[in-house]
Every structure is written in C-alpha cells, then in structure tokens.
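Chain and residue survey
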Amino acid sequence: MNRRNDTSQTDLSAEQSLKALERDCEFEITPCTSFDFNDSRRFTQIELGTVQASHMSALTQQIPNIIAAGTMAQAYTVRFPQGLPHTLMALHQGGYSTIIRENGLFTGTASMYSLSTQAALMGAFTAISVATGQYFLTQINGEMKLMNKKLDEILAFLHEDKKAELMSEMNFIRYASRHYSATMSHEQQRIATLCGLQEGRKTAIKDIEFYTHRLENEVRIQAESLDSLNEKKEKAVLYKQSTEFAKQLYVMSGLLEVYYAQNADSTYIKELEEEMTGYLEECDHRIINSFSTLKGQIVGYKSSLKNVEVINRKANDEKKAKLEEEVDILIDHYRNQKSNDLLNAIQFALSGVSKSSEYYLTREGKVFIKA
C-alpha cells in the first residue's frame, strides 16, 4: 500500500503543528498582558505596507485557533531568540517530515505541519522582517549627515571629475532605502536593486581611493608662503569631505545589500562587519597622516620677512598660529572621536539582523517593538 499521499492520518493538529514549528524554527508565540501601545515612550509601531499588513491580518486571524485551546488575548508576543532572519531561513528550508516505513522499506513521507499554519507564519514573519528592515534603514539613514545635505551643499565640495558619478550613486542609494518595503515584495525588482547596490559599493570604494589619494598628493607639495599653505589646507578639506561622502555611500550600499539579500549567515555578517570597520579605520588613519603632514609644514614654516618689519611679522605669526589650530582641530576630530557615526551605523544595522528580538502583535494586525 502506497501511503505517500495519505497525509490526513499523519498531519498534526494545528496546535501541535505550531509547537513543532516553534521548536524546530526557534520562535515562540504567547498571549501577553494588554499593554498601552499608544505610549510612545515604551512602544514603537512598525509601519506595514499594504502587502505586509495583509499577511499580518492572515496570521492574527489564525492565532486564536492554533494557540492553546480556549486562549483569547488582545495581543501576542512573538520572540525570536536567534533573530527573525534565522527563523525565516529555517521556515524557507521546509522539508520537515516523517519518514514512512512499511515492511522495512521507505515508502514515502508525511507532512508534520499544517501547510496553512506554515504559510501564515512565513508570510507574517517575512512582513515583519521587511517592515523592521525599513525601520532600521530609516534610523541609519539619519546618521548619513553628508548624504542628507541639500544638493547645492553637496555639489560645493565634490570634485568635478567624480561629481556626476557620486551624485548618481547617492540618488540610487536614497531610492533603494526609501522604497525598501515596496521593492521587497517584487522579486525581480529586488534582485535588480541588489545588483545595483553591489555595483554601488564598488564605485564607492573606487571614489574613496581617488579622493584619499588626491588628499595625500596635495599635502606633499611644498608651499612657499602662508597663503599657499592656507590654500593647500582648503583643498585638503574639500578632499576630506568628498572622501567622507564616498565613505557614507560605501556603508549604506553595504548595509542595504545585507537587508535586500536577507542574508543572516553569522559568518558572513561577522566578516562583513570586520571588513567594513577595518577599511573605514584605515581611511581615517590615512586622513590623519595627511593632515599631520600638513601640520608639519605649517609648524616648520619660517617667514622671510626682515626684522624691521615687526608689524607684518606679528601678523604673519598670528596667521600661522590660526592655520595650525585649524589643522589641529581636523586631526583631533579623527583621533579623539568617542563615537564614530559610520561605525555605530554598521554595528546597529548588522546586530539588528541576528540579535534576539521580540515583537507585539495586536488582534488588529498591528506590530510593535519596545522603544
């Protein structure tokens, strides 16, 4: 007798099916005490798009039927001990089954889980993942101070050779970040955006190297007057700003790639964080060295004015001291910064992919996290 298609006797009940999924995919859904979710000091609502909202509605309608019999609640807590992406990876793998043996032979498999339960969970958890990704990206985008400047302010410091290229990449990054939720619902568009982000990351690295190299070359040129030293400093500052702008593009394209790919592999996340932070720290070290070289030239500058020109010599000394102070401020910014916005953004974004998380689902299909 072939029992391959006879699953009615081997399917678990809805409640048993949920418990089996909770165990194997490492999540937990439990009724929770009614909270005041309007209290913005304690809770933040995760905004859901139309598609995500429909998935959440489908799950919240099923929860009373698949959770412990007779349990009714106004809200439910969903916990992901190893992070939501980990659970999604397990759900996507599928294939959870029992092997049917008959007379010592394998005759087929029977599904352990209710397909409707698994489909509802998959859709809802994917919706939460996408909505949370949009939330994280919005927070991170606020740290990209140069990228958030007005267009004319950005154009004021970008070098002519790379202006069009960097502005194009910036607009694409803004687009990918702003429309993350909508794009994730359309696979072909998601893949196309992902390819664009990978190319953008390579472009950002190329431009970082371009501007950093220009900065290093600029400070090597010997100056013959304080005016030329000041002009050199002004050019160096522009190259530094352009480098910082390209660094922000590098970080955002890299983080967006992780969120669009939804790759929560722990080894990949760890290596990516080490790669990105290491490269940014190397860039900062090169900038410090460049401005230290410039400071050395300022300190070593000696006026050719004669002793009789006391007034002019005093003015020159004051100009030199002011120039040295300005360069010192630039160096100290990198050496003594207690909090690096870009490094913090990387840690914040990547930890959000794999850390344990907890969400609150209301019977109306709304999703909240602790503020």
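Residues numbered from 1 in each chain as written. Predicted model: local features only at pLDDT ≥ 70, side-chain atom pairs only at ≥ 80, totals over all residues. Heavy atoms only, no water.

Some remarks on the overall build of the protein chain
- The secondary structure content of the protein chain amounts to 12 helices and 7 strands.
- The buried share among the 371 residues of the protein chain stands at 44%.
- For the protein chain, the share of sequence-separated contacts (at least 6 apart) that also reach a separation of at least 24 residues comes to 82%. (Helix = DSSP H or I, 4+ residues; strand = E, 2+ residues; numbered from the N terminus. Buried < 20%, exposed > 50% of the residue type's maximum accessible area, 1.4 Å probe, protein only. Contact = heavy atoms within 4.5 Å.)

A word on unusual backbone geometry
- Phi at Glu26 takes a positive value of approximately 60°, unusual for a residue other than glycine.
- Inspection of the secondary structure puts Glu26 in the loop between helix H1 (14-25) and strand E1 (28-31).
- Unusually for a residue other than glycine, Gln262 sits at a positive phi of about 55°.
- Note that Gln262 resides in the loop between helix H9 (226-261) and helix H10 (266-300).

Considerations on H10
- Relative to the 51 Å expected for 35 residues at 1.5 Å per residue, H10 spans 51 Å between its end C-alpha atoms, a close match to the ideal helical length.
- Measuring from the side-chain oxygen of the N-cap residue of H10 to the backbone nitrogen of Thr267 gives 3.2 Å; that N-cap residue is Asp265. (Expected span 1.5 Å × (residues − 1). Polar contact = N/O pair within 3.5 Å; in protein donor to acceptor, adjacent residues only side chain to side chain.)

Quick notes on the pattern of salt bridges
- The final tally for this structure, using the stated rule, is 16 salt bridges.
- Between Glu216 and Arg286 there is a salt bridge, and its shortest N-O distance comes to 3.0 Å. Placement of the pair is Glu216 in helix H8 (residues 187-220) and Arg286 in helix H10, with a sequence separation of 70 residues.
- Of the residues examined, Glu216 reaches a relative accessible area of 16% and is grouped as buried.
- Taking the shortest distance from any N to any O, the salt bridge between Lys247 and Glu244 comes out at 3.1 Å. With Lys247 and Glu244 both in helix H9, this residue pair falls 3 residues apart, about one helical turn.
- Residues joined in a network through salt bridges with shared partners are Lys233, Glu234, Lys322 and Glu326. (Salt bridge = Lys/Arg side-chain N within 4 Å of Asp/Glu carboxyl O.)

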